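Working through the structure, step by step
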Amino acid sequence: DTEVTQTPKHLVMGMTNKKSLKCEQHMGHRAMYWYKQKAKKPPELMFVYSYEKLSINESVPSRFSPECPNSSLLNLHLHALQPEDSALYLCASRPGPFMNTEAFFGQGTRLTVV
Amino acid sequence: DAKTTQPPSMDCAEGRAANLPCNHSTISGNEYVYWYRQIHSQGPQYIIHGLKNNETNEMASLIITEDRKSSTLILPHATLRDTAVYYCIVRVFNFNKFYFGSGTKLNVKP
């Protein structure tokens, strides 16, 4: 199994809603990533987890709250988002932080904030 | 991470080789060059990576110049399904960060 699975595929939420994005991998990878991608732009790194601990936060606003409850699962909790937060949210994983390996990406969650 | 520079778009005829350049003139000795592609807002797909030697796999070849300041991704026989945005990424070996550059939109035409 070489897949990174993201759910849901599409999400529409109001600015006062609380929702969560989910990312799952069963490859035994210990580094997991969240990226945000706006239309016609490259993915932008948001967060990196290494061995279930947050290792990198790219100055992301607190309305985005990541969580890594175990080595297979990564969540992104969303609260009080703005319309400009509408984007494709991508999850990725790698075997570990000190390995020369590629990252595997999920297909993303298309988020629309209304 | 070293910054990468890529042309915004390129055209290629179907069946011909596609050569996609990437400039990474500030690359350091322990930074690897990775190539990914993204087809129409799907998740990025890994293609190939290397440090200083040329690399080849079933998808593509990666040619890195001797001074490592630039590289070229070669798709030997481009098909219409290779139409995508191709990203060149430079990553420090023992760090977790993967920063994407602006990418090259490859248009493969019949």
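Structure's up top.
**A closer look at the overall build of chain B**
Scanning chain B for helices and strands turns up 0 helices and 9 strands. Listed by position from the N terminus, the elements making up chain B come as β-β-β-β-β-β-β-β-β. Dimensions of chain B, computed from C-alpha atoms along their principal axes, come out at roughly 40 × 30 × 25 Å. Per-residue burial for chain B yields a buried fraction of 45% across its 110 residues. Excluding contacts between residues fewer than 6 apart, the proportion of contacts in chain B whose partners are at least 24 apart in sequence is 57%.

**Structural notes on the environment of T7(A)**
All names here are of chain A. Locating T7 in the fold gives a position in strand 1 (residues 4–7). The spacing of T7 and G28 is 21 residues in sequence and 19 Å in space, taken between C-alpha atoms. Dropping the residues within four chain positions of it, T7 is found in contact with L21, K22 and T109.

**Here's the deal with the interface of chain B and chain A**
Facing the 22 residues of chain B at the interface are 28 residues of chain A. Between chain B and chain A the total buried area reaches about 1,900 Å² when both faces are included, carbon and sulfur atoms providing 53% of it. Inspection of the chain B/chain A interface yields 0 salt bridges. Across the contact surface, chain B and chain A share 5 residue pairs in polar contact (both at pLDDT 80 or more).

**A word on the nonpolar core**
In terms of nonpolar packing, the biggest core is built from 23 residues, with W34(A), F64(A), L76(A) and L78(A) touching the most fellow members. Contributing elements (two or more residues each) for this core: strand 2 (10–13), strand 3 (18–25), strand 4 (31–37), strand 5 (44–50), strand 7 (64–70), strand 8 (73–79), strand 9 (87–94) and strand 11 (109–113) of chain A. Non-local contacts of L78(A), meaning those with residues more than four positions away in its chain, are made with L11(A), M13(A), N17(A), K18(A), K19(A), L21(A), R63(A), F64(A) and L111(A). With 21 residues, the next largest nonpolar core counts W35(B), A78(B), Y86(B) and C88(B) among its residues.

**A few points about unusual backbone geometry**
Leaving glycine aside, a negative phi is the common case for residues, and trans is the common case for peptide bonds. Residue and element names in this part refer to chain A. Following T7, the chain continues into P8 via a peptide bond in cis, with omega recorded as -10°. One non-glycine residue, S59, lies in the positive phi region at around 55°. With a relative accessible area of 72%, S59 lands in the exposed category.

**What to know about the packing of aromatic side chains**
Going through the model one piece at a time under the given rule, you end up with 9 aromatic pairs over all chains. Look at Y33(A) and Y35(A): their rings are 6.2 Å apart centre to centre, the planes differ by 20°, and that puts the pair in the stacked class. Just as Y33(A) is buried, Y35(A) falls in that class too. Taking 5.2 Å as the distance between ring centres and 90° as the angle between the ring planes, the aromatic pair formed by Y87(B) and F100(B) counts as edge-to-face. Taken together, the residues span a long stretch of sequence, with Y87(B) in strand 8 (residues 84–92) and F100(B) in the loop between strand 8 and strand 9 (104–109) at a distance of 13 residues. Both residues of the pair, Y87(B) and F100(B), count as buried. Aromatic ring contacts, followed pair by pair, group Y33(A), Y35(A), F105(A), Y36(B), Y46(B), Y87(B) and F100(B) into a single cluster.

**Details of the state of the cysteines**
Residue and element names in this part refer to chain A. Scanning the model with the defined rule gives 2 disulfides over all chains in all. C23 shares a disulfide with C91; S-S distance 1.9 Å. Measuring handedness by torsion sign, the sulfur bridge of C23 and C91 sits at about -70° and is left-handed. With a gap of 68 residues between them, C23 in strand 3 and C91 in strand 9 connect regions that are remote in the sequence.

Reading the values: the criteria
Residues numbered from 1 in each chain as written. Chains lettered and ligands numbered in written order. Predicted model: local features only at pLDDT ≥ 70, side-chain atom pairs only at ≥ 80, totals over all residues. Heavy atoms only, no water. Helix = DSSP H or I, 4+ residues; strand = E, 2+ residues; numbered from the N terminus. Buried < 20%, exposed > 50% of the residue type's maximum accessible area, 1.4 Å probe, protein only. Contact = heavy atoms within 4.5 Å. Buried area = accessible area lost by both parts, 1.4 Å probe. Salt bridge = Lys/Arg side-chain N within 4 Å of Asp/Glu carboxyl O. Polar contact = N/O pair within 3.5 Å; in protein donor to acceptor, adjacent residues only side chain to side chain. Core = buried A, V, L, I, M, F, W, Y, C linked by side-chain atoms within 4.5 Å. Phe/Tyr/Trp six-rings, centres within 6.5 Å; stacked < 30°, edge-to-face > 60°. Disulfide = S-S within 2.5 Å.

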